[in-house]
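Observations on chain architecture
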Amino acid sequence: MDLFSWPPVAALLDAAYRLVTGLSAAAEPIAGTAAGVVAVVVLTMLVRALLLPVGVSQVRAEYTRRRLAPQIAALQKKHGANREKLAEATMELYRSERTSPFAGMLPLLVQIPVISLVYAVFTHPMIAGHANELLGERAFGAPLGTSFVGLTGAGPVWPAIAVYLGVLLLIAVVTTVSRRVLALPQAEGSASPTGLVRALSFLPYVTVVFAAFVPLAAAVYILTSTTWTVAERWLLRRLLDPARKGPAGTARPSPSH
């Protein structure tokens, strides 16, 4: 059974569809043929803005894990031979810090249904028993309901291919920026990253390949969501960075000149 055909989910999906098509109609007098793309971008940004508390939770959890990394490493060195004692000491450390090794995970799981619902609007040809008209629109000659891979069977390739290549290139650029800008400095005393960890750091580039196989509307959604994530994470890390605050939690004064 298709989960998105279940009446309660289908109703939510249809509501999201009505919103994005309404945005497209509102943008058409100004954006013209790009109205569908504008609607995808605006809906994505609205959803990501609603999920901002999830980003705050994740960034706080990142700094907590980084702060505790040296103590975790010390416990591993001390109790490495006794897994039960290590687990007990580790949990005691988390309790004393009033946190959890799973901090930030619950909000992340909560957002998955929301993101999945929005993504379905940009990929499902049928929604609540009617056609998804958004996927029938074109942006600069590129059909929103066709993937880059399937473009050759969707009519004239040019100039549509330029739109697809532009979106895929931008996703690759944003992915590169995220790897360079969002990498947290290694905590003092923590183990050096292994070759496997370094190899996994290139995993986000799989998104570029994935985007080539989904409808253009979904690829634009991926681009917008990824860009938002990079900007959000960069800003929140600056605002929530404990190193930018004094011992009492106040902002650290600027050095005198």
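Structural data are supplied above this passage.
Residue numbers restart at each chain and count upward from 1, following the sequence in its written direction. Residues qualify for local features only when their pLDDT is at least 70, as the model is predicted, and side-chain atom pairs are given and counted only at 80 or more; totals for whole chains, interfaces and linings, by contrast, use all residues. To obtain the side-chain values, all non-hydrogen atoms of the structure were used and water was disregarded.

Focus on the overall build of the protein
The condition is simple: Strands are runs of DSSP state E lasting at least 2 residues, helices are runs of H or I lasting at least 4, and numbering of each runs from the N terminus. Exposure classes here rest on a 1.4 Å probe applied to the protein chains alone. A residue is buried below 20% of its type maximum, exposed above 50%, and partly exposed in between. Method for areas: the Shrake-Rupley scheme with a 1.4 Å probe, in which residue coverage is limited to the protein chains shown.
Along the protein, the regular secondary structure elements total nine helices and four strands. Per-residue burial for the protein yields a buried fraction of 36% across its 257 residues. If you sum the accessible surface of the protein, you get close to 15300 Å²; carbon and sulfur atoms cover 67% of it.

Some thoughts on the pattern of salt bridges
Formally: Any Lys or Arg side-chain nitrogen located within 4 Å of an Asp or Glu carboxyl oxygen qualifies as a salt bridge.
Taken as a whole, this structure holds five salt bridges when the rule is applied. Taking the shortest distance from any N to any O, the salt bridge between Arg237 and Glu62 comes out at 2.9 Å. In this pair, Arg237 sits in helix α9 (residues 216-240) while Glu62 sits in helix α3 (residues 52-79), placing the two residues 175 residues apart along the sequence. Assigned by exposure class, Arg237 and Glu62 land together as buried. Across the pair Glu92 and Arg95 runs a salt bridge whose closest N-O atoms are separated by 3.0 Å. Residue Glu92 and its partner Arg95 are both found in helix α4 (residues 83-96); the two are separated by three residues, about one turn of the helix.

With respect to the nonpolar core
Rule in force here: Nine residue types can take part in a nonpolar core, namely buried Ala, Val, Leu, Ile, Met, Phe, Trp, Tyr and Cys, and a core is a set of them joined through side-chain atoms within 4.5 Å.
Judged by nonpolar contacts, the single largest core of 45 residues is most densely connected at Phe122 and Leu216. Per-element tally for this core: the top contributor is α9, with nine residues. Formed by seven residues, the second largest nonpolar core is a distinct cluster that contains Leu75, Leu86, Leu93 and Tyr94.

Details of the packing of aromatic side chains
Two numbers describe a pair of aromatic rings. These are the distance of the centres and the angle of the planes. What counts here: Classification of ring pairs uses Phe, Tyr and Trp, with its six-membered ring standing for Trp, and accepts pairs whose centres are within 6.5 Å; under 30 degrees between planes counts as stacked, over 60 as edge-to-face, and the remaining range as tilted.
A full pass over the atoms with the stated rule returns four aromatic pairs. With a centroid separation of 6.1 Å and an interplanar angle of 50 degrees, the aromatic rings of Tyr119 and Tyr221 are classed as tilted. With Tyr119 in helix α5 (residues 105-121) and Tyr221 in helix α9, this residue pair connects regions lying 102 residues apart in the sequence. Within the aromatic cluster, the residues linked to one another by ring pairs are Tyr119, Phe122, Phe210 and Tyr221.

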